[in-house]
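Reading the structure
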Amino acid sequence: MKYDFTSIEKKWQEKWLKEKTFAAVNGDKSREKFFGLIEFPYPSGQGLHVGHARPFTAMDVICRKKRMQGYNVLFPIGYDAFGLPTENYAVQHHIHPAKVTHDNVANFRNQLQMLGYSFDWDREVNTTDPEYYKWTQWIFLQMFKKGLAYKASMPVNWCTSCKIVLANEEVVDGVCERCGGEVIRKEKSQWMLAITKYADRLIDDLDDVDFINRVKIQQRNWIGRSEGTEVDFTATNGDKLTVYTTRCDTLFGVTYMVISPEHPYLQQWKDQIKNWDAVAAYMDEAAHKSDFERGELNKEKTGVRLEGIEAINPASGEKVPLFVSDYVLMGYGTGIVMGVPGHDQRDWEFATKFGLPIIEVVQGGDITKEAFTLKDDTGIMVNSGFLNGMTVKEAIPAMKEWVTKQGIGHPKVNFKLRDWVFSRQRYWGEPIPLVNCPKCGWVPLPESELPLLLPEVESYEVTDTGESPLAKMTDWVNTTCPCCGGPAQRETDTMPQWAGSSWYFLRYMDPHNDKALASKEALEYWSPVDWYNGGMEHTTLHLLYSRFWHKFLYDIGVVPTKEPYAKRTSHGMILGEGGEKMSKSRGNVVNPNDIVAQYGADTMRTYIMFIGDFEKAVSWSSEAVKGSKRFLDRVWNLAESASESYEVTPANEAAIHKTIKKVTDDIDNLKMNTAIAALMTLVNEFYANGCTRGDLRYLLLLLSPFAPHIVEELWENLGFAAREGKMACQTQWPAYDESKTVASTVEMAVQVNGKLRGTIQIAVDSEEKAVVDAAMALDKVQKAAEGKQLVKTILVKNKLVNLIVK
RNA sequence: GCCGGUGUGGCGGAAUUGGCAGACGCAGGGGACUUAAAAUCCCCCGGUAGCGAUACCGUACCGGUUCGAACCCGGUCACCGGCACCA
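Residues numbered from 1 in each chain as written. Chains lettered and ligands numbered in written order. Predicted model: local features only at pLDDT ≥ 70, side-chain atom pairs only at ≥ 80, totals over all residues. Heavy atoms only, no water.

**Here we look at the protein's contact with RNA strand B**
Our working definition: We call a residue near a molecule or strand as soon as one heavy atom of that residue lies within 4 Å of the molecule or strand. Any N or O atom pair separated by 3.5 Å or less is treated as a polar contact, with the protein-specific requirement of one donor-capable and one acceptor-capable atom, and with residues adjacent in sequence counted only for side-chain atom pairs. Starting at the N terminus, helices and strands are each numbered in turn, a helix being any DSSP run of H or I of at least four residues and a strand any DSSP run of E of at least two. Any residue that is not Ala, Val, Leu, Ile, Met, Phe, Trp, Tyr, Cys, Pro, Asp, Glu, Lys or Arg is counted as polar, Gly included; the first ten are nonpolar and the last four charged.
The full set close to RNA strand B counts 53 residues, and Arg346, Ile611, Arg630, Arg634 and Asn802 are the nearest of them. Counted by atom, the contact set of RNA strand B within 4 Å of the protein is 59% sugar and phosphate. Here a phosphate oxygen of RNA strand B sits 3.4 Å away from a polar atom, N or O, in the side chain of Glu623. A total of seven residues in the surface near RNA strand B trace back to one element, the largest contributor, which is helix α22 (residues 672-689). Of the residues belonging to the surface near RNA strand B, the class tally is 22 nonpolar, 15 polar and 16 charged.

**Here we look at the packing of aromatic side chains**
Basically, it comes down to this: Stacked, edge-to-face and tilted are the three classes for Phe, Tyr and Trp ring pairs, Trp counted by its six-membered ring, which pair at centre distances within 6.5 Å; planes under 30 degrees apart are stacked, over 60 edge-to-face, the rest tilted. Relative accessibility under 20% of the residue-type maximum defines a buried residue, over 50% an exposed one, and the middle range a partly exposed one, all with a 1.4 Å probe and only protein chains included.
As enumerated under the stated definition, the model contains 42 aromatic pairs in all. An angle of 65° between the planes, with centres 5.2 Å apart, marks the rings of Tyr198 and Phe548 as edge-to-face. Taken as a pair, Tyr198 in the loop between β9 (183-193) and α6 (199-204) and Phe548 in helix α17 (residues 541-555) lie far apart in primary sequence, 350 residues in all. Its relative accessible area of 6% is what places Tyr198 among the buried residues. Phe548 sits in the buried class, given a relative accessible area of 0%.

**Some thoughts on the packing of helix α20 (residues 625-641) against helix α23 (residues 693-703)**
The criterion, for reference: Whenever a helix is involved, its axis is fitted only over the stretch in contact; in every case the axis is a line through C-alpha atoms, and angles between N-to-C directions fall within 0 to 180 degrees. Each crossing is labelled by how the near helix is turned from the far one, with a counterclockwise turn of less than a right angle marking it left-handed and a clockwise turn marking it right-handed. We call two residues contacting when some pair of their heavy atoms lies within 4.5 Å.
It is the contact of α20 with α23, at a shortest axis distance of 11 Å, that shows an interaxial angle of 145°. α20 and α23 meet at a crossing whose hand is left-handed. Taking contact as the criterion, the partners of Phe631, Leu632, Val635, Leu638 and Ala639 in α20 are, on α23, Leu696, Leu699, Leu700 and Leu703. In the contact of α20 with α23, the residues fall into nine nonpolar, no polar and no charged.

**Things to note about the nonpolar core**
The following threshold applies: Think of a nonpolar core as a cluster: buried Ala, Val, Leu, Ile, Met, Phe, Trp, Tyr and Cys residues, connected wherever their side-chain atoms sit within 4.5 Å.
One finds Trp620 and Phe706 to be the most contacted residues of the largest nonpolar core, which totals 87 residues. If you look at the next biggest cluster of nonpolar residues, it comprises 85 residues, including Leu193, Phe422, Tyr427 and Ile432.

**Quick notes on the pairing of strand β26 (residues 567-571)**
The condition that has to hold: Strands pair, by our definition, only if DSSP identifies at least two bridges between them.
Taking burial as the measure, the five residues of β26 include four buried ones, the bulk of the element. Bridge count between strand β10 (residues 210-211) and β26: two bridges; the pairing is parallel. If you follow Asp210 over to β26, its bridge partner there is Lys567. Two elements, strand β25 (residues 531-535) and β26, share four bridges in a ladder whose sense is parallel.

**Examining the pattern of salt bridges**
Basically, it comes down to this: Put simply, a salt bridge is a Lys or Arg side-chain nitrogen that is within 4 Å of an Asp or Glu carboxyl oxygen.
On inspection of all chains with the given rule, the structure shows 36 salt bridges. Its salt-bridge partner being Asp514, residue Lys515 comes within 3.2 Å of it at the nearest N-O pair. What makes Asp514 partly exposed here is its relative accessible area of 45%. Between Asp613 and Lys616 there is a salt bridge, with its nearest N and O atoms 3.5 Å apart. Here Asp613 falls in the partly exposed class, since its relative accessible area comes to 30%. For Lys616, a relative accessible area of 52% puts it in the exposed group. Connected via shared salt-bridge partners are Asp205, Arg547, Lys551 and Glu563.

**A look at a positive patch on the surface**
Our working definition: Only residues whose relative accessible area exceeds 30% and that take part in no salt bridge are eligible for patches, with like-charged residues grouped when within 9 Å of each other and nonpolar side chains (Val, Leu, Ile, Met, Phe, Trp, Tyr) grouped when within 5 Å. Using a 1.4 Å probe, the Shrake-Rupley method yields the accessible areas, and only the shown protein chains count as cover for residues. A positive count includes Lys and Arg, and a negative count includes Asp and Glu. His and the chain ends are not counted in either. Lys charges are placed at NZ, Arg charges at CZ, Asp charges at CG and Glu charges at CD.
On the surface, Lys755, Arg757, Lys780 and Lys783 cluster together into a patch of positive charge. Those elements that place two or more of their residues in the positive patch are β30 (755-763) and α27 (779-785). Position of Lys755 relative to the elements: it lies in strand β30.

Shape descriptors only; they carry no functional weight alone.
Given below as structure tokens:
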């Protein structure tokens, strides 16, 4: 019989679907649970990408193996369907985004089923489903009630092309992350979420989760905790100049101060600044630069000295000049910094450019050449009054104590993380369930009125002023205040796409619940997610946002765990044939449908797992796919030619046990490529030795997570299904016998003075003397050791012996 | 500029974490089967020298530690990803 993958795959996919083979069971205490999560896809019009197939297949392999190991596995799928591409498509083609979403989702579902993923299809979620976003709105209302959602007028990133406000986190390389359009700064009243209140916990709780290290590092760096001191200087006009510094030990070294161009003091001081025209011109120039440009234009420092006002150093009592410069950002610290050119390289450059004095307060470097910035015990304090003679490490706490006692400062922790801009002036998002009443202010909608549905609009275009399309729906906007009953207006901004994806994994636990986002029992049973795999591109935004929401839900008693995900891993990108990113414009996009049509889903799955190191980027090779197909053909041929015995052949036993061990360990460590290599080796072994059905049984069990359809078919053909039931229902992942993985003799490497000179065959666990004798007997060893004396031998058991001769 | 990561045959990649570098696969070469081709099966496949056994070189580059280094340490270069002049 021929390996007819098309009909085999269709047959089993239909069976699995009809019999709900992969349904997870809520509350089953008889088994351990395992919740494997992948990042749910955005259902774009282009359909599923091979880039999706890599993480999806990997988690499918893990989940199929976990099922065979007896776990109650929850492996769900859903769609993160709000967002701009769908809305843009709707605008262009005058189709309702809900319709576009529905069609795209149907296409995705077909493709996912075509690849044979073992999802529990009864738990599908869709963020645009009102029954889903009801709970997104509900969570937002709880945050609003706890004071975590607030409105603020602030400079925001305005994408001139999307006409939408972007979070700082969404601006990439100074342009809009989504469309690449120009981003300028604009004042706008926005709903904000106070993620910074959770900054400490978002850092500290990383200690308790099993995330790969680079993800933890990225999260920590993004939050950016810095422990320093706030110190008050005084201006000569009496105003207080508070600075934030991590180096309060260098206070005596301050020779100037800098104020941010946005600082409100500047307008207040207008009449006192003698060179106001020059200062105002500089402020105007700075306002036209984005934060990004100000950061990018690094090398050359710019600034203007304020004439008429100086600052007084509280430690030395000396007067120092005050500058305005755009390297000081209003959004971090206090918007004023102290300049210590001796011990900060940026300050050193600034001082050098403006001819300011450079005072050494830490001895140890050469401050005429560059700033001396070491914070350890290397330097000794000088020119610093009561700090003199201390190391920097001693001086920092001493100075903290001093400024606190003097009442001119205190220790302070700062974060890089900023609050989350949560408003979008867009149609295709969750409506924000708040009403603005002239009497009562912002009032939450009663929970009984959720979900607040997106109204139908005539046009999805943003208004010229940048208001959401919802603003045009006056019937919808004008409402009554839930509080006083008077006339009031709805919020017309919608939520960002991140909202729905911040909690979706909870909905999977109990997707049809209409009383709560999920039942207490379901949350207790399935939390936390045992293993979450996703892309590195989501390690700062999505991962941080969802951890934040989860911590909030924990605080209000909704979820039982502090952290949503016990384990997080990451996969590398699939690049195009030439090693470049796959993109429509390059014409190098690989469509999974084509691969499945030509080779079958099992080949596609096996190849994408075999393609390379899971964590690294790899390029697709249409040639190499054939290797995986050839491998499955060989498995098929073995089944045709295997002898009918259900016994295991002694000649194959060691290879089988070795392979069980290797594949078991490798799947747990995401080393799918070497797991498949081991299976290929076993197949080669069976070709060489011949094999029985009993031998093949193990190969099929081990191969089934990777290539489930062909295995299911062969399992049936070889009579195992009649004896043991369907492969997909097996709960016997094979165990290995360690003692059977090693042969009775081993090959050991023989080195002379660390150089390989030959190998010996010798009994396992041979004693040193036997090994050395056998090694010395080798011709090449004799030659290399000729006329010399053996002074030492190094033995690595069963691996290597190194003879040191002189 | 800073932070993180990576660098191994013609190519994708292995190497039990300091112990035989190149598993497994792709491409390539040779052979068997075939009228022929495809498919399949078997063998070879890092470099230099040699008919050969073999010798020497070889994991981006330079140096170090070690009996022994792709792996550890110091320095350099290249590429990829992230970014905040963060006081």
